[in-house]
Amino acid sequence: MVCAALSALGCSYDFQSATKSSTLQSRSITLVPLLDSLAVYGESYKVVGEIIQSRSRCVILEPHIRFLAAFGGMTGRDLKWEFEPYVLTLACADRVAMLKQSEAIVLRTYPMREADLLVTLFTRAEGKVKGVAKAAKKSRRRFGGALEPLTHVRVYYEDRERQELTRLDSCDVLESPLSREVDYARALGLGHVAELIDDLLPDREPNDAVFRLALATLGQLGGNAIWMPLTYFDLWMVRLAGFLPDLAHCVVCGNELGDKAYFHPLVDGLMCSDDRRLASTELSVESRALADVMFRAPIENFAGAEWPRQRGADLRRFLTQILERHMEKKLVTVTMLDKLD
């Protein structure tokens with residue numbers, strides 16, 4: 001049956017030699033005689049007349065033969081057979097070159113059909129990308145635990161014409177949040193980072209500064225030590241998005257702010273005592289000084305400091321107010337973080 005399978009492909013074979021080359025002459029292959037032995041690896045196939053067409057890049061013809069080639073758009077290209085113990089692999093260099101790769105952070109995953117996952121990734125090369133991981137719930141070889149939220153991965157993917165969603169080929173884990181204990185507080189902190197990036201940033205717009213900020217923040221989120229990383233992350237996200245107002249002068253009169261400064265949901269900036277509105281909230285001098293220091297130092301510089309929840313609480317409230325006003329929606333994780341003991 002192995003010989004018949006290879007003959008049907010029009011390719012010679014030799015188990016004694018290390019490599020063989022051949023050429024695929026058609027975009028689809030008649031495999032009706034081999035229906036009993038055909039099994040698609042990782043994706044479904046359909047029968048059109050006497051032709052079996054597959055969207056998958058991986059098709060198993062026999063338990064020990066796997067060829068890696070897409071049927072579409074490969075007419076007349078050289079294919080290379082590589083011999084491995086019990087596995088004969090056919091690889092197309094042109095096809096592999098079409099795959100993009102990038103560092104990425106997994107933001108969200110949603111179930112899609114029986115075994116697929118819809119994945120939102122924040123890639124370093126192209127910004128936020130949405131794609132489908134075919135058979136991700138079944139294929140441990142291609143994805144494993146790489147699609148857990150906030151996992152730092154190297155992703156291999158392919159964009160297709162006239163399709164909004166990209167096709168995720170595989171992921172390699174670079175750093176996983178599951179490598180450390182994940183309690184409820186840390187889970188909320190991780191969720192806040194994912195929610196803010198997903199809701200604030202547009203699709204397909206690379207932002208290396210935000211990517212580096214997210215990686216640095218994820219590295220500092222651990223146990224109950226979440227308030228410093230979240231304060232730093234929100235502050236820099238507001239600044240990088242261009243939403244940060246002047247923290248030294250009153251937005252109404254323009255005078256320099258003294259010991260007291262106030263913010264209000266309907267005012268885009270800080271106000272002095274004379275111009276503050278009813279139901280305004282005070283932003284302390286300590287919090288304004290803290291913001292100034294955070295703009296001039298990396299997040300690692302604050303890792304050893306004691307950081308109770310009350311420290312910078314008014315600053316986080318001010319930043320949340322700015323973000324929610326510009327996004328025109330409430331941040332779900334902020335409400336949950338407010339309920340933490």
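One can find the structure itself at the top, above this paragraph.
Only a predicted model underlies this, so the values are computations on that prediction, with no experimental measurement involved. (Residues numbered from 1 in each chain as written. Predicted model: local features only at pLDDT ≥ 70, side-chain atom pairs only at ≥ 80, totals over all residues. Heavy atoms only, no water.)

## Some words on the side chain of Asp-169
Stage number 1. As for its position among the elements, Asp-169 is in strand β13 (residues 166–175).
Stage number 2. Residue classification places Asp-169 among the buried residues on the basis of a relative accessible area of 7%.
Stage number 3. Only 3.5 Å separates the side chain of Asp-169 from the side chain of Arg-167, close enough to count as a polar contact. (Helix = DSSP H or I, 4+ residues; strand = E, 2+ residues; numbered from the N terminus. Buried < 20%, exposed > 50% of the residue type's maximum accessible area, 1.4 Å probe, protein only. Polar contact = N/O pair within 3.5 Å; in protein donor to acceptor, adjacent residues only side chain to side chain.)

## Some thoughts on the pattern of salt bridges
Stage number 1. Considering all chains together, one arrives at 21 salt bridges under this definition.
Stage number 2. Close ionic contact of Asp-116 with Arg-113 constitutes a salt bridge, the shortest N to O distance being 3.2 Å.
Stage number 3. When the shortest N-O distance is used, the salt bridge between Glu-158 and Arg-160 registers 4.0 Å. (Salt bridge = Lys/Arg side-chain N within 4 Å of Asp/Glu carboxyl O.)

## So, helix α6 (residues 285–294)
Stage number 1. When α6 is considered as a whole, its buried residues turn out to be Ser-287, Arg-288, Leu-290, Ala-291 and Met-294. For α6, the buried positions fall inside an angular range of 155 degrees around the axis, keeping them on one side.
Stage number 2. Elements in contact with the buried residues of α6: α5 (227–240), β14 (261–263), β15 (281–283) and α7 (313–327). (Arc of directions from axis to C-beta. Contact = heavy atoms within 4.5 Å.)

## Here we look at the side chain of Glu-195
Stage number 1. Of note, Glu-195 is situated in helix α3 (residues 184–200).
Stage number 2. Buried within the structure, Glu-195 lacks any salt-bridge partner; its nearest side chain of opposite charge belongs to Lys-329, at an N-O separation of 4.8 Å.
Stage number 3. Excluding residues that lie within four positions of it along the chain, Glu-195 makes contacts with Arg-108, Lys-330, Leu-331, Val-332 and Thr-333. (Lys, Arg positive; Asp, Glu negative; His and termini not counted.)

## Overview of the packing of aromatic side chains
Two numbers describe a pair of aromatic rings. These are the distance of the centres and the angle of the planes.
Stage number 1. Enumeration over the complete set of coordinates arrives at 5 aromatic pairs.
Stage number 2. A ring pair is formed by Trp-236 and Phe-295, whose centres lie 5.4 Å apart and whose planes are at 85 degrees; its orientation type is edge-to-face. In this pair, Trp-236 is assigned in helix α5 and Phe-295 in the loop between α6 and α7, connecting sequence segments 59 residues apart. Assigned by exposure class, Trp-236 and Phe-295 land together as buried.
Stage number 3. Centre to centre, the rings of Phe-263 and Phe-318 are 5.1 Å apart; their planes meet at 50 degrees, and the pair counts as tilted. Pair noted here: Phe-263 is in strand β14 and Phe-318 is in helix α7, with a separation of 55 residues, a long-range link. (Phe/Tyr/Trp six-rings, centres within 6.5 Å; stacked < 30°, edge-to-face > 60°.)

## Comments concerning the sheet that holds strand β11 (residues 127–133)
Stage number 1. The 5 strands lie next to each other as β9-β10-β11-β13-β12, forming a closed barrel whose pairing is mixed. Each neighbouring strand pair of the sheet contributes to a mean axis angle of 50 degrees, computed without reference to strand direction.
Stage number 2. Direction of pairing for strand β9 (residues 100–112) relative to strand β12 (residues 152–158): antiparallel, over a ladder of 6 bridges. In the strand pairing of β12, Ser-102 is matched with Val-155.
Stage number 3. Strands β9, β10 (116–123) and β11 of the sheet are contacted by α3, whose axis makes an angle of about 100 degrees with β9.
Stage number 4. Across the sheet, helix α4 (residues 208–220) touches β9, β10 and β12, and the angle it forms with β9 is around 70 degrees. (Pairing = 2+ DSSP bridges. Axes fitted to C-alpha atoms, helices over the stretch in contact; angles between N-to-C directions.)

The values are spatial; any link to function lies outside them.
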